[in-house]
Amino acid sequence: MYPRPFEYRAVTTVDEALRVLHEVEDGKVLAGGQSLLPLMKLRLASPGVLVDISGIPDLSYIRPQGENAVEIGSLTTHDTVAHSALLQERCPILPAAARGIADQQIRNRGTIGGSSCHADPASDLPPTLLALDAEFSIVGPKGSRTVPAKEFFVDLFETQVQRDEILHHIQVPTLGPQWGWSYTKFNRREGDYPIVGVAILVRLDSHGRRLEEVRIGLAAVNPTPCRARAAERFLQGQEISPAILKEAAHRSTEGLHPGSDMHGSSQYRRDMVQVFVRRGLEEAVTRARLAGGNP
Amino acid sequence: MSAARTSPRSVAVPAPAEGTGWVGKSIPTKESVRFTTGHGSYLDDVKLEGTAHIALVHSPYAHARIRSIDVKEASAMPGVLAVYTGEDIRKLVDPFMQLAPPPADKVLDYPLAVEKVRFVGEPVAVVVARDRYLAADAAEMVQVDYDVLPPVMDAESAASPSAPILHEAIGTNRVWDGVYEYGDVDGAFAQADLVIQEKFHYHRFNSAPLELNAALASFDRRTGELTLYTNNVMPMFCMPLVASSLRLPSDRIRVIVPDVGGSFGNKINSFPYMVLVSVLSMQLGRPVKWTELRSEFLAAGTHGNERTFQIEAAVRKDGTLLGLRGEAFDDTGAYARYEPAGAVIWAQVAFSMYRHKNLRLHFHSVFTNKCPVGPNRGYSRAQHLFLYERIMDRIADRLGLDRGEVRERNFVRADEMPYQAPNGTVLDGGDYARALHRVQEMLDLPSLRAQQKALRARGRYLGVGIAAALDSAGNNFAQVRVINPHLPFSGNSESARVWMDMMGRVHVAMGPTNQGQGHETMASQIVAHELGLNPEDVHALPGFDSHSHPYTGHSGAYASRTAVMGGGALLGAARELRRRIQVIAAHLLKTAPEDILLEKGEARSRRTGNALPLSVIGGVALGNSLELPLDMDTNLSVTYVYRPPFRIPSHVDKKGNFTLTYSYQVHGAVVEVDPETGKVHLRRYVAVDDCGNMINPAIVEGQVIGAAVHGIEAALLCEAKYGADGQLLASSFTDYLCATSLDVPPVEVEHFITPSTAGPMGVRGVGEGGGTALPALAAAVEDALSPFGVTFQDSHLTPERIQSAMRGRAPTVPSPP
Amino acid sequence: MKRKVSLRVNGEEREGWAEDRMLLVHFLRDELNLTGTHIGCDTGHCGACTVLLDGKSVKSCMVLAVQAQGRKVETIEGLEREGKLHPLQEAFREHHGLQCGYCTPGMILSSLYLLRHNPSPSEEEIRRAISGNLCRCTGYVNIVKAVRAASERMATRVEAPSTEETG
């Protein structure tokens, strides 16, 4: 498969990237290229100018932001996220989700920023970042702005990042010991896009009995990655029991309109959301209890 | 006592044979040196100066009439040398010969669609350009205007008189239709205690070799000779098709097959593309290359035959199968490229491994608006063997018997070998029941059952499935006369040439192409074994070249035949060369030829101990020949054709020896099924294989494991699925799910060795037993979910299919003891 | 419109011409005539085109040739040193870790990347490391064996330092 012709512009600074994006008509940012280049090879995407930002050195980093957050440069590869000791300590759900992406070669090249901006509803990081209430820092001709995750994903393959902007970094919170998490990707082969992906964060009370806060991010069930708000609201403040988790799983499909493909019909995806929300909640609660000393 | 009656030996690991002989040793393959260093030469690695590349324009519709094709814009694109439509090509080539009898012999099949398109992905036009990128750019600009027609997407509907017709010229969608009847079927049903009715569906998939189809044609206008590089693995069988379509005498066509990156049968149907690049090269006077895209392979390469069975089984209370009757609908896709051969090839294993005598099968081969089918690992037999294994499971389940015991009751017994089945096929040895027992031992069935019970109590569902299959090798082409008595094919043969040069070096070349089975290694081992050499000292010509390799019309790598057919040819050639060397050496050493022993590169007199290196024999015979009497034959080049003693089957009673020899396998699978998601986790997979004597046991083991994995992924992952509108859903490797290293457990293999009574050296073919995995996995999933009472009729088990079968069911049945 | 691309391949300075849209795999195969890197799909799934780019395993069908400008590429052709096979090449041979050989170069490069980062991987780690490389012949059993054997061999023998790692 062969991409249509385009002009390639490699940039080495953020300013240069913004300048080029501003100058050209139909520019598209190339980061790791692991989503964009396949689309271009299939001729499903054909930008006129490809602005390669992968050579910008200062967009690849993972660093603490005080005690309560971690900042991740948008060009940080999935492999780096997967192996980051800092993230493992402060926000382990993210490395867990990154480890399940595709395969080693793609993780070596694909980036957290690229994956976020591509906004494929069936990918692993967006629902995880949604559940984390991550913040997305975008730079553009008018300066920089920060967008919360719940506003970042606008539509199918569309985010708040405008044509002349780039995603600079993503900030995720440090999860304290009262938090538990799980990321479950259900698919037919490991590494494939999920049939459903479920990212769950729970915060328990100090006894490990009550759910203080629950966040559920879902992949592959709507045109955008989304949160299971009805289930989250239902669980907040509830005493943990199998019946409650089951009921929450049931409510987690409210408002979902999953599509169908040969690996799962809409109905099947809805069923799987229920299965994996319930199992994911159980796993997250177990983890939170262990972390909080309430096993 | 025949060899087959000796008790099989079980070998846990392929151990090297004792002694100095090379046959039976697991030496590393010769090919692996170039393959591990990046120096293999596959088709796309062949580069010729000035080569133009093509891009195909494909039909987006399953069924449509072509109103017009506008190539003006495409022709004007940069780098474009020419654009041809189906109409253009039709004027330059003749349609491909059809195997089917009337009326389907009137189907017009060209390299590009003419007048109509009949499946999604069918090529309708071709762009020739300076490079691949430019060709792809221009292909997008070809405008095709279609009148869309309703598609027909399954064989049973296609066979009905009201279905839309694909090929109006023949007025029917039937490719072939006929009844096979052996024994007294109605009598069997009259005696039955129980009649089981079932419908089974064997899905569409292929084995998707990693290297795609490709062809490079270079026509020399000066000499009028066409050099055709192809990775077709049956090139000389295809040659009459190619030459007649191109209207070229075959002596003007040189065929070269370099290294082939896997085929599994799938590369046999590439001949339309071979003709396409050839005619383009002839038109343009420069080399033209086609390298298939994966999307093209999946949509328009080869799919395995999709088959539906409506079947009834007559059974006795004790589990004895008395007879089978029913119908089989073979969905052959839009063109009968290799079909309807599949409508008879199944009959090589008509009765599978079982003793029952009565079978009536009404077989329908039918056109549908899907990709043409053709050979795929276990071609047409895997479908039929699936039917048998599922029937055995059904018999056991309906009668409350053990699935293994039912098989054992029905198996042909070791003391009956060689066994002639009611249709004339001969099973040449083996102990099927013992292989079954060994698989049960390997799995430790009693402890599995205990584990199954314990897990069920905790809501987890473990299951075990065991299935058996034959791998028939060395087909008798005359079987196609059952479907069309006028076809000019019969028997099977293979050719090998072994020669010694003036420096005493030994070379070997043979007809079969090498697609990864280590033919160069195997040939070197046989020749070295016969001539007292080290395989390293035998030069095996790589690939295939019609100018340097001997061949017959049957030559090629298909039907598990190379060890058997190629082995026979190699043995014949090497032994004749040995005899000639002995005669010359005897003269030089003043002894009798029988006294000469070939060993360690020397010809030695056993009596005197005097020896001459082979270099002296070669030098004298070929360069210093007056040292030999003028009436002594100094020809040290031997071409030998091996031809097994087949007969032509009768197309009236459809009986005959359809194939030479049969390997058999028993596979066992242990799965755990997640009852909420339907996902199957394959926990363990074991196989016992008996392919007779092994030339290189490590190669055999690789074939057994590789085939098993193809079956496993076919059962669980791979499906060439179409939507009702005729769109191919699995159109790339995103959706066509080949197994990765994480999807399959380490397959465990043991070998029995029952030397064949039919094949040379006691070998049988190997490589196509993988179909065994499909019934084994279906059985394992049913076993896991037996508390829910669900059964499956399909060979492909997706999580959703399993989950939806489970919907609303609770595990009501207590776990069996 | 083509531009000159200069890069270091297997320790040697190489250059060639590439249109902006040319994929690295086509550049290696068609411009530099390094045909050991293969193509098996259109979508980045098969891994036959795996090479190391600045020491990292990548699928060269998902990298543009122009992106390799000034960078280091290792392909299968660079593993043999002074006529001696690399331990991975030896192990694939000895353990029958290949049949048709088409996936082998990519499989070996993924394995090389693994062993450089994890010199004694478990079976599970080996299987994860090669999960982006499809093999259609072997069922992976002997590939896993070969990688393990190579890791053992390399543990007792210092790998000749890669020019790319030290460069």
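Predicted, not measured: the structure shown is a model, and the values here were computed from it.

1. Considering the overall build of chain C
Within chain C, the secondary structure is distributed over six helices and five strands. Of the regular secondary structure in chain C, the N- to C-terminal order runs β-β-α-β-β-β-α-α-α-α-α. Since a compact globule built from 167 residues should have a radius of gyration of about 15 Å, the 15 Å found for chain C is in line with a globular shape. With the principal axes as the frame, chain C shows a C-alpha extent of 50 × 35 × 25 Å. Taking as baseline every contact in chain C between residues at least 6 positions apart, the subset at least 24 positions apart corresponds to 57%. Carbon and sulfur atoms form 49% of the exposed surface of chain C, whose accessible area is close to 5,700 Å².

2. Quick look at the domain arrangement of chain B
Residues and elements named next belong to chain B. You can read the domains of chain B as domain 1 (43-149 + 207-300), domain 2 (306-478 + 649-806) and domain 3 (493-642). In this structure, domain 1 and domain 3 have C-alpha centres spaced 39 Å apart. Counting from both sides, the interface comprises 19 residues of domain 1 and, opposite them, 16 residues of domain 3. Summing both partners gives a buried area of about 1,300 Å² for domain 1 against domain 3, and 53% of it is carried by carbon and sulfur. Of all residues in domain 1, V233, M236 and R254 bury the most surface against domain 3, accounting for 38% of the area lost on that side. Where domain 1 meets domain 3, there are one salt bridge. The partner of R254 in a salt bridge is D545, and the shortest N-O contact between them spans 2.6 Å. Joining domain 1 to domain 3, the criterion identifies eight residue pairs in polar contact (both at pLDDT 80 or more). Elements supplying a minimum of two residues to the side of domain 1 that touches domain 3: helix 7 (235-246) and strand 12 (253-257).

3. Observations concerning the packing of helix 19 (residues 697-716) of chain B against helix 20 (residues 773-784) of chain B
Residue and element names in this part refer to chain B. The geometry of helix 19 relative to helix 20 is characterised by a closest axis approach of 8 Å and an angle of 50° between their N-to-C directions. By the angle between their directions, the pair helix 19 and helix 20 is classed as oblique. Relative to helix 20, helix 19 is oriented so that their crossing is right-handed. Of helix 20, the residues touching helix 19 (which contributes A708, G711, I712, A714, A715 and L716) are A773, L774 and L777.

4. A short note on unusual backbone geometry
Generally, phi is negative for residues other than glycine and the peptide bonds are trans, each holding for most cases. Residues and elements named next belong to chain B. At the junction of P102 and P103, the peptide bond is cis and its omega measures out at 0° in the coordinates. In this fold, P103 is placed in the loop between helix 3 (86-90) and strand 5 (116-117). Backbone torsion omega between M417 and P418 reads -10°, so that peptide bond is classified as cis. With respect to the element layout, P418 can be found in the loop between helix 12 (403-410) and strand 17 (419-420).

5. Describing the interface of chain B and chain A
On the chain A side, the residues contacting the 32 residues of chain B number 24 residues. The interface formed by chain B and chain A includes seven salt bridges. Between E140 of chain B and R4 of chain A there is a salt bridge; the shortest N-O distance is 2.5 Å. Inspection of the region where chain B meets chain A yields 15 residue pairs in polar contact (both at pLDDT 80 or more). For the side of chain B that touches chain A, the secondary-structure elements that each account for two or more residues are helix 4 (132-139) and helix 21 (799-806) of chain B. Of all the elements, helix 4 of chain B adds the most residues to the side of chain B that touches chain A, at four residues. Class assignment for the residues of the side of chain B that touches chain A results in 12 nonpolar, eight polar and 12 charged.

6. Some thoughts on the interface of chain C and chain B
The partner chain B presents 57 residues to the 49 residues of chain C that form the contact. Across the chain C/chain B interface, buried area totals approximately 4,300 Å², and carbon plus sulfur atoms make up 55% of it. Put simply, chain C and chain B have six salt bridges between them. As a salt-bridge pair, D30 of chain C and K47 of chain B come within 3.4 Å of each other at their nearest N and O atoms. Breaking the side of chain C that touches chain B down by element, the ones donating at least two residues are helix 1 (24-31), helix 2 (87-94), helix 3 (104-117), helix 4 (123-129) and helix 5 (141-156) of chain C. For the side of chain C that touches chain B, the leading source of residues is helix 2 of chain C, giving four residues.

7. Points about the side chain of R377 of chain B
Residues and elements named next belong to chain B. Within the element layout of this structure, R377 appears in the loop between strand 16 (358-367) and helix 11 (381-399). Notably, R377 is buried but unbridged: the nearest opposite-charge side chain belongs to E768, and the N-O separation is 6.5 Å. Reaching out from R377, the side chain makes a polar contact with the side chain of Q703 at a distance of 3.2 Å. At a separation of 3.1 Å, a polar atom in the side chain of R377 contacts the side chain of H710. Look past the residues within four positions of R377 in its chain and what remains in contact with it is S207, F264, Q703, G706, A707, H710, G767 and E768.

8. What to know about the sheet that holds strand 2 (residues 12-19) of chain C
Backbone hydrogen bonds are what pair the strands of a sheet, in a parallel or an antiparallel way. Residues and elements named next belong to chain C. The strand order across the open sheet built from five strands is 2-1-5-3-4, with neighbouring strands paired in mixed fashion. Among the strands making up the open sheet, the edge pair consists of strand 2 and strand 4 (56-59). Each neighbouring strand pair of the sheet contributes to a mean axis angle of 40°, computed without reference to strand direction. Of the strand pairs in this sheet, strand 1 (residues 2-9) and strand 2 are connected by eight bridges, and their pairing is antiparallel.

9. A word on the domain arrangement of chain C
How large an interface is tends to be reported as the accessible area lost when its parts come together. All names here are of chain C. Splitting chain C by domain gives domain 1 (2-78) and domain 2 (87-156). The gap between the C-alpha centroids of domain 1 and domain 2 is 21 Å. The interface is formed by 18 residues belonging to domain 1 together with 14 residues belonging to domain 2. Summing the contributions of domain 1 and of domain 2, the shared interface buries around 1,300 Å²; its carbon and sulfur component is 58%. The residue R116 makes a salt bridge to E74 at a minimum N-O spacing of 2.7 Å. Viewed at the interface, domain 2 and domain 1 are joined by seven residue pairs in polar contact (both at pLDDT 80 or more). Elements represented by at least two residues in the side of domain 1 that touches domain 2 include exactly strand 3 (50-53) and strand 4. Of the residues that constitute the side of domain 1 that touches domain 2, the class distribution is six nonpolar, nine polar and three charged.

10. Brief notes about the nonpolar core
Residue and element names in this part refer to chain B. I54, Y180, L280, Y736 and L785 are the most contacted members of the largest nonpolar core, which totals 244 residues. In contact with Y180, other than residues within four places in its own chain, are A343, V344, W346, A347, L359, R360, L361, F363, V482, I483 and K654. Judged by nonpolar contacts, the second largest core, of 48 residues, contains A473, V538, I581 and L612.

Scoring rules and cut-offs
Residues numbered from 1 in each chain as written. Chains lettered and ligands numbered in written order. Predicted model: local features only at pLDDT ≥ 70, side-chain atom pairs only at ≥ 80, totals over all residues. Heavy atoms only, no water. Helix = DSSP H or I, 4+ residues; strand = E, 2+ residues; numbered from the N terminus. Rg over C-alpha atoms; globule rule 2.2 N^0.38 Å. Contact = heavy atoms within 4.5 Å. Areas by Shrake-Rupley, 256 points an atom, 1.4 Å probe, with all protein chains shown as cover. Domains from an automatic or database assignment. Buried area = accessible area lost by both parts, 1.4 Å probe. Salt bridge = Lys/Arg side-chain N within 4 Å of Asp/Glu carboxyl O. Polar contact = N/O pair within 3.5 Å; in protein donor to acceptor, adjacent residues only side chain to side chain. Axes fitted to C-alpha atoms, helices over the stretch in contact; angles between N-to-C directions. Parallel < 35°, antiparallel > 145°, perpendicular 65-115°, else oblique. Left-handed = near helix turned anticlockwise from the far one by under 90°. Nonpolar A, V, L, I, M, F, W, Y, C, P; charged D, E, K, R; others polar. Buried < 20%, exposed > 50% of the residue type's maximum accessible area, 1.4 Å probe, protein only. Lys, Arg positive; Asp, Glu negative; His and termini not counted. Pairing = 2+ DSSP bridges. Core = buried A, V, L, I, M, F, W, Y, C linked by side-chain atoms within 4.5 Å.

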